[in-house]
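# Fold and contact review
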Amino acid sequence: MSGTAAAGFGFSPYAPAAEARALASAGDRDRRRKPQDWQEALDELEGDVLDAEAALARNRSEEIATWGRRTEDWVPPNDLGPLPENLRERAARLLQHQLAVAEQLVERITQSQKQRDLAARMSYAPTRPVASFIDRGL
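Residues numbered from 1 in each chain as written. Predicted model: local features only at pLDDT ≥ 70, side-chain atom pairs only at ≥ 80, totals over all residues. Heavy atoms only, no water.

In contact at an axis separation of 8 Å, helix α3 (residues 38–58) and helix α4 (residues 61–68) are set at 145° when each is read in the N-to-C sense. In the crossing of α3 with α4, the sense of the turn from one axis to the other is left-handed. Facing α3, whose interface residues are Asp 48, Asp 51, Ala 52, Ala 55, Leu 56 and Arg 58, α4 presents Glu 63, Ile 64 and Trp 67. Residue composition of the contact of α3 with α4, by class: 5 nonpolar, no polar and 4 charged. (Axes fitted to C-alpha atoms, helices over the stretch in contact; angles between N-to-C directions. Helix = DSSP H or I, 4+ residues; strand = E, 2+ residues; numbered from the N terminus. Left-handed = near helix turned anticlockwise from the far one by under 90°. Contact = heavy atoms within 4.5 Å. Nonpolar A, V, L, I, M, F, W, Y, C, P; charged D, E, K, R; others polar.)

If you look at soluble globular proteins, the nonpolar side chains tend to sit buried side by side. Ranked by size, the top nonpolar core spans 16 residues in total, and within it Leu 42, Leu 83, Val 101 and Leu 105 carry the most contacts. Going through the elements one at a time, α3, α4 and α5 (88–124) are the ones with two or more residues in this core. Sort the elements by how many residues they give to this core and α3 lands first, with 8 residues. In contact with Val 101, not counting residues within four places along its chain, are Val 49, Ala 52, Glu 53 and Leu 56. (Core = buried A, V, L, I, M, F, W, Y, C linked by side-chain atoms within 4.5 Å. Buried < 20%, exposed > 50% of the residue type's maximum accessible area, 1.4 Å probe, protein only.)

Laid out in structure tokens, this is it:
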């Protein structure tokens, strides 16, 4: 199994394949196997955050918009019991990373919408008169 340490969160099997998974559909999320422990649950969540961050880095508006249209929130597994003490710090750092990436997504989506609105106004606006200057002595 390959993987890397990503963003200070320890081992992540998702880091090398983040680009390949960036356009994963909601159906792919439904087919995920249920995490067996909190380590796997956090790895899955971290993979999602890294995928969103990779989409931002590639700066492709369609990918970014796809992340913005996601309607499913991550739901903590209810059959794993409480989060173990030794994973609490990792979970807290992951939450901060997730919130920072979410803020970047919102900002990028807002910028994109403003640019589209401006481009639409410019392309459909009536033509403006062009100034004419006549050089002659009075």
